[in-house]
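# Tertiary structure, described
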Amino acid sequence: MGIARAAIPLLMGTLSVVATAATATDEARDATVAMGFDTRTRCRDLLQADPQDGTAALVLFVVGPTGVPSRASIKSSSGSTSLDAAAVDCVMRLRFLPVVHAGDGNAISSWQEIAWKWGRFHTDPAAAAAAAAAAAAEPRAPAPANAPPQPAASAVAPAEARVCFDAAGRLAQEPAIVRASGSAQLDAAAVSAARAALPGNSGGGCLRVLITRETAGH
């Protein structure tokens, strides 16, 4: 009987913890990113947003006693699957301030939430492709009858590279080609130019560098 009496409080205590964890999602706290986890370098394409913003991706997750997030999921969708996925991925790259128990000062697990939107340096590949297609479909005005002949267009298109840097102006991400020219030499020149274009201490961000090849005599 002594064993049975000891087991009952333990079982009840276990049930109480489970019930608290199950209902804590209704009282999720606003998350605070821990120091040392800069969102500008870990989530370069995102900006933290107001949780009440209906166009933002609101992520719900558990913050453990050590600040490590888990069980992240979308609580309120932004309407963009790519933004929702990027927001969840961003949360898992960060650490957060845990909740501290008022009685003994110990950190405890808690449900928290944080909202994200695309930052100004984000480029949507689908939107860029649609804009390029629309530009290509625009009718071009015919050249005047007395206009001089135009030189033949080069078979090599311009090369465009993108490079990102942190607040101190240091390289935060290796330069990458975002629009290939069809020439490995020209693409390599664009990457080199992007690497040399770091602006110094300017608050962090990304730059795009466009390299074109001119024909002889121009």
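Everything discussed here concerns the structure shown above.
Summary of the structure given here. Because the structure is a prediction, the values reported are computed rather than measured. (Residues numbered from 1 in each chain as written. Predicted model: local features only at pLDDT ≥ 70, side-chain atom pairs only at ≥ 80, totals over all residues. Heavy atoms only, no water.)

So, on to unusual backbone geometry. Located in the positive-phi region is arginine 71, a residue other than glycine, with phi close to 55 degrees. Structurally, arginine 71 is set in strand β4 (residues 69-76). Arginine 71 gets classed as exposed once you look at its relative accessible area, which sits at 59%. (Helix = DSSP H or I, 4+ residues; strand = E, 2+ residues; numbered from the N terminus. Buried < 20%, exposed > 50% of the residue type's maximum accessible area, 1.4 Å probe, protein only.)

This part covers helix α5 (residues 184-196). The end-to-end C-alpha distance of α5, which contains 13 residues, comes to 19 Å, matching closely the 18 Å that a straight helix rising 1.5 Å per residue would cover. Of all the positions in α5, only Leu186, Asp187, Ala190 and Ala194 are classed as buried. Buried residues of α5, viewed axially, fall in a sector of 100 degrees; they line one side. Facing away from the buried side of α5, by more than 90 degrees, are the exposed residues Ala184, Gln185 and Ala196. (Expected span 1.5 Å × (residues − 1). Arc of directions from axis to C-beta.)

Attention shifts here to the side chain of arginine 162. With respect to the helices and strands, the residue arginine 162 is situated in strand β8 (residues 159-165). Overall, the relative accessible area of 17% leaves arginine 162 in the buried class. When near neighbours in sequence (up to four residues on either side) are disregarded, arginine 162 contacts Asp45, Phe121, Gln173, Glu174, Pro175, Ala176, Val178, Cys206, Leu207 and Arg208. (Contact = heavy atoms within 4.5 Å.)

According to the stated counting rule, one finds seven salt bridges in the structure shown. The residue lysine 75 makes a salt bridge to glutamate 113 at a minimum N-O spacing of 2.8 Å. Of the two residues, lysine 75 is situated in strand β4 and glutamate 113 in strand β7 (residues 110-118); the sequence distance between them amounts to 38 residues. Lysine 75 gets classed as partly exposed once you look at its relative accessible area, which sits at 44%. Classification of glutamate 113 as buried rests on a relative accessible area of 10%. Taking the shortest distance from any N to any O, the salt bridge between arginine 179 and glutamate 160 comes out at 3.7 Å. Here arginine 179 is found in strand β9 (residues 171-179), whereas its partner glutamate 160 is found in strand β8, with 19 residues between them in sequence. When its relative accessible area of 41% is taken as the criterion, arginine 179 is described as partly exposed. Owing to a relative accessible area of 16%, glutamate 160 belongs among the buried residues under this scheme. Through salt bridges with shared partners, a single ionic network connects Glu160, Arg179 and Arg208. (Salt bridge = Lys/Arg side-chain N within 4 Å of Asp/Glu carboxyl O.)

With seven of seven residues buried, strand β3 (residues 57-63) lies mostly within the body of the structure. The alternating pattern of β3 places Ala57, Val59, Phe61 and Val63 on one face and Leu58, Leu60 and Val62 on the opposite face, and all of these are buried. Note: β3 against β7, seven bridges, orientation antiparallel. When the sheet's bridge partners are listed, phenylalanine 61 is paired in β7 with glutamine 112. Strand direction decides the pairing type here: β3 and β4, joined by five bridges, are antiparallel. From the neighbouring strand, valine 62 faces β4, where its bridge partner is serine 70. As consecutive antiparallel partners, β3 and β4 are separated by five residues, and within that stretch glycine 67 has a phi angle of approximately 90 degrees, a positive value. (Pairing = 2+ DSSP bridges.)

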